[in-house]
Amino acid sequence: MFDDKKINEIKSSVDQWEKEVVEKSISRFPERKEKFTTGSNIEVNRLYTPVDVNELNYNEDLGLPGEYPFTRGVQSTMYRGRLWTMRQYAGFASAEESNGRYKYLLEQGQTGLSVAFDLPTQIGYDSDDGLSEGEVGKVGVAIDSLKDMETLFDGIPLDKVSTSMTINAPASVLLAMYIAVAEKQGVSKEKLRGTIQNDILKEYIARGTYIFPPEPSMRLITNIFEYCSKEVPGWNTISISGYHIREAGSTASQEVAFTLADGIAYVEAAIKAGLDVDDFAPRLSFFFNAHNDLLEEVAKYRAARRLWAKIMKERFNAKNSKSMQLKFHTQTAGSTLTAQQPDNNIIRVTIQTLAAVLGGTQSLHTNSRDEALALPTEDSVRIALRTQQIVAHESGVTETIDPLAGSYYIENLTNKIEEEALRYIESIDELGGAPKAIEKGYIQKEIQNAAYRYQMEVESLDRIVVGVNKFKIEETDKKELLKVDKTVEISQKEKLKVLRSERNNEDVEKALNTLKEKANTQENLMPFILDAVKTYATLGEICNVLREVFGEYQQSVIL
Amino acid sequence: MDIRERILKGDKRACARLITMIENNNEEAIDILKELYKNTGNAYVVGITGPPGAGKSTLTDKLTKELRKLNKKVGIVAIDPTSPFSGGAILGDRIRMNDLSLDKDVFIRSMGTRGSLGGMSNSTWGAVKVLDIFGCDYIFIETVGVGQSEVDIVKTADTVLMVMVPNLGDDIQAIKAGIMEIADVFSINKSDLDGADKTKVEIEMNLDLNEQKDYRPPVVKVSAGQNKGIDTLLEKILEHRDYLERTDKLKEIRTRNNKLELLKMVEEDLMKIILDKAVKEDLLENLGKKITSKETDPYSAKDEIIALIRK
Amino acid sequence: MDKPIRVLVAKPGLDGHDRGAKVIARALRDAGMEVIYTGLRQTPEQIVAAAIQEDVDAIGMSILSGAHNHLFPKVVNLLKEQGVDDVLIVGGGVIPEDDIPFLIESGVEAVFTPGTPTKDVVDFITNNLKR
């Protein structure tokens, strides 16, 4: 981008400045640290100049918004055309209470729904299963059957809102329930807009809500890709996630690498199942973390976009431009929230919001200040939403596209993260791909090592966490917290009893038997899951049938 | 009821406590073992060795489940390396044996190597005796899996099962290290992967070359993760046991192992005495300095120390 | 050689977030302890069975799903039923201050909330063993 002569001139100016001006300063006032690094331990220089980006080719490496390699953004008008979707993850206790929270958020200006399910639901257990004891309704809403789903979306028009559901192992079942609810509302499948997370690989890596072993899980995922490409074309069939990988302790480059490696595995599985890459790739979406180091995060998103575009074009020969676009949802980093001086978290979330927006996210969830302690209260969640709205309407960062482009530091860092990520992806390729790498524990070990390093840095005060290892106070301020008590579990159990007595159990049995039969073949299971769901078979009953056929995943890798 | 009675009655707490006491070199534990030694001999010990990542724990889990079908009581000693720097250890083999935690006729104990170099811990032998007294019909010892230095397992087990995986490149290492000679049964785990047949052939070829054993070790392909081939593998282990018992070799092996263990214990106690005397009177330190300054030589120095014992 | 302290680190219930448990396990190992790490999805029965067979000096449980009020006391009670009263029980995770007194009363000796330095956990276990 710059000619050699000018570069050399700049280089010698910088050298001179370092030797004379900086030396003199440092001898009087040494810098605060010996080494400066990003949040992910990439070394950061004192200054960045054109010298640090002199290999950059604008058209090839940056390009234009909405055009390959999409470094500057996937839409040509980005936020000037439409702001990101403000989509707060919510759900707790019963379907009725969650329905109330959704209506509140929509009233307050939220533009899309995001459903949080409780752990029994995420792992395919009914609320009355022995393993569900103590867990019902705690981290999200308890959904045992289509009946609960109907309550959840009561009064919410599914042709007007887009809904993201954080559900993985039993995604097929919850998607079927959503489709069935829409049908009852008179909304046809083609009108439905939304996402299911449906990313089982990261469950094995970092999140833990798996049910079945990898092979049958991939089958269910590709069944969904195929089914939706024909029947529910407006639906994002997967949200390939890096958020949880980062939360588990990975660095920014690892977040990109492991997420894209998972993405590669899904694309390969779909192609192997006979799908054409351009038929499903446009509906793949991603989910990233927004961490503390604002500038590193912006570089990270740009690197991810560029790298995925190259992978789709060169590795998978995608022809449709939409197949090469990395669209993503972001959540601010939960693991950075502190239990100490919780109001400080509002500031952290603001910085993280800026990172995501300057990085070009398509949709955003902001955490609430009290989430290191419990699920958020109504007040806390409103502040979190307002954070997005203030950034959107008052900060000015949305008025132009990819405003930080061209910064010598940002471009240098974008390159660096892309390089590091590529190296990890190559290692994973050598191991045989993401599923093999997970089996061997490679990805998990990298993450654990990074997590341990981070903790040691915090404890040695190499890394400051305000309120936790510095600027501490005597914590006395009692905050109002959201409590989910046992009554939810009790009432869900009651509801199940009633459901099982009121539904046609013959129909249920028949549908479950058919599902079992089909699970043993290579047929697409979605239609049969949909049938079962409509008979009011419970989530647990459906998953148990699949457990019988597919078996359960055995965790085996540790530290 | 005291700990002796409780162990004989099958009390898991007592069994666990006695193992702890042995690991910690507790004097009382030795007394208890002396008294209860006559209650040993019922358990058949299978050593499970092989490189890290071969799937030993998962295989142990599956073999145990097969034995449970035959109503056998099973003990498992799972060994993991102790950090030479901190003296601590992460003992994670239980993860792969989760279902077995609640089986009343299965006892799983995790142990760190605690300074021993052979892939097993010094108290493994003692722990095996306790599990024997406790009533186990079969005891699996799952070693660390350090590849070459797995030799210790031979001195404690009746049957040694070597677990390998396809394409590890271990075939060449195994030849060099003489590992082929210590195994009584070979299993190729993860045999659903490419190269399993090739690995089987390579092992068989090696066995052809080493004609020392009168018992040709079988090579069994399994897939522990998919629960395939486990029944065949168990069959082969039981066949080996049958062979040893029929030919009276079992007694030979156990006598040999008892001799080795005896020697080891004698060595340890002697070393303690020597070091005690030598260190107490600064003898070791002084001799070391004298050797360096050539006031004496290493061999004469050794004689001086040995003379102490003779006194 | 000093006999190492044996600690069982477990994740009871359905919560799959094990970053904290793994960091603690490693810190305990680096402090010279033997850590039996049981992994995810442990029922209270499994935790107690493992604790007994491994004859541990302490049990550390981690829960981020809000199910601590139910699961922690369950483990404590099962241990009592089995006649085990000399094991130190500690817990950690996403646990509101308000819930801590109840947990302590139920028999959990300490609850380590987010931000606790690993050194504190190591020290507490080392200094509060019951045998």
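Residues numbered from 1 in each chain as written. Chains lettered and ligands numbered in written order. Predicted model: local features only at pLDDT ≥ 70, side-chain atom pairs only at ≥ 80, totals over all residues. Heavy atoms only, no water.

Here we look at the side chain of E541 of chain A
Residue and element names in this part refer to chain A.
Now for step 1: Of note, E541 is situated in helix α22 (residues 539-550).
Now for step 2: Here T538 takes part through its backbone nitrogen, which lies 2.9 Å from a polar atom of the side chain of E541.
Now for step 3: The contact partners of E541, leaving out residues within four places of it in the chain, are D126, R500, R503, V508 and L512. (Helix = DSSP H or I, 4+ residues; strand = E, 2+ residues; numbered from the N terminus. Polar contact = N/O pair within 3.5 Å; in protein donor to acceptor, adjacent residues only side chain to side chain. Contact = heavy atoms within 4.5 Å.)

Structural notes on the UniProt feature "domain: B12-binding" (unreviewed entry) in chain C
Now for step 1: Here the UniProt feature "domain: B12-binding" (unreviewed entry) sits at residues 4-131 of chain C.
Now for step 2: A helix fraction of 42% and a strand fraction of 19% characterise residues 4-131 of chain C, whose end C-alpha atoms lie 13 Å from each other. (UniProt positions renumbered as here; feature names shortened; annotations may be inferred.)

Considering the UniProt feature "domain: Methylmalonyl-CoA mutase alpha/beta chain catalytic" (unreviewed entry) in chain A
Now for step 1: UniProt feature "domain: Methylmalonyl-CoA mutase alpha/beta chain catalytic" (unreviewed entry): in the numbering of this structure it lies at residues 38-552 of chain A.
Now for step 2: End C-alpha to end C-alpha, residues 38-552 of chain A measures 40 Å, and it is 50% helix and 7% strand.

Side note on the interface of chain A and chain C
Where interface size is given, it is often the accessible area lost as the parts come together that is meant.
Now for step 1: Residue-level contacts link 41 residues of chain A with 34 residues of chain C.
Now for step 2: When the two sides are added together, the surface that chain A and chain C hide from each other amounts to roughly 3000 Å², 54% of it contributed by carbon and sulfur.
Now for step 3: Linking chain A with chain C are 1 salt bridge, by the criterion used here.
Now for step 4: Linking chain A with chain C are 12 residue pairs in polar contact (both at pLDDT 80 or more).
Now for step 5: Among the secondary structure elements, those contributing two or more residues to the side of chain A that touches chain C are α5 (119-122), α8 (200-207), α10 (243-247) and α18 (442-459) of chain A.
Now for step 6: No other element matches α18 of chain A, which puts 8 residues into the side of chain A that touches chain C. (Buried area = accessible area lost by both parts, 1.4 Å probe. Salt bridge = Lys/Arg side-chain N within 4 Å of Asp/Glu carboxyl O.)

Focus on the nonpolar core
Now for step 1: Within the largest apolar cluster, 151 residues are counted, with the highest numbers of intra-cluster contacts made by M149 and W308 of chain A.
Now for step 2: When residues of this core are sorted by domain, at least three fall in each of domain 1 (4-53) and domain 2 (63-459) of chain A.
Now for step 3: Not counting residues within four places of it along the chain, the set of residues in contact with W308 of chain A comprises L260, G263, I264, V267, L284, F286, S323, M324, Q325 and L326 of chain A.
Now for step 4: Grouped together as the second largest cluster of nonpolar side chains are 35 residues, A16, I141, V144 and V160 of chain B included. (Core = buried A, V, L, I, M, F, W, Y, C linked by side-chain atoms within 4.5 Å. Buried < 20%, exposed > 50% of the residue type's maximum accessible area, 1.4 Å probe, protein only. Domains from an automatic or database assignment.)

So, the pairing of strand β8 (residues 284-290) of chain A
All names here are of chain A.
Now for step 1: Most of β8 sits inside the fold, with 7 of its 7 residues counted as buried.
Now for step 2: Pairing of β8 with strand β9 (residues 328-332) involves 5 bridges; the strand directions are parallel. Residue pairing for β9: F287 is matched across the bridge by H329.
Now for step 3: The parallel pair β8 and β9 is bridged by helix α13 (residues 294-315), and the resulting crossover is right-handed. (Pairing = 2+ DSSP bridges. Right-handed = clockwise from strand over helix to strand, strands pointing away.)

A few points about unusual backbone geometry
Backbone geometry follows two general trends: most residues other than glycine have a negative phi, and most peptide bonds adopt the trans configuration.
Residue and element names in this part refer to chain A.
Now for step 1: Of note, the amide linkage connecting Y68 to P69 takes the cis form, showing an omega dihedral of -5°.
Now for step 2: Here P69 is to be found in the loop between α2 (58-62) and α3 (78-81).
Now for step 3: Positioned with a positive phi, Q341 is a non-glycine residue whose angle comes to about 45°.
Now for step 4: Tracing the backbone shows Q341 in the loop between β9 and α14 (344-358).
Now for step 5: Non-glycine residue Y536 carries a positive phi angle of around 70°.
Now for step 6: Note on Y536: relative accessible area 18%, which makes it buried.

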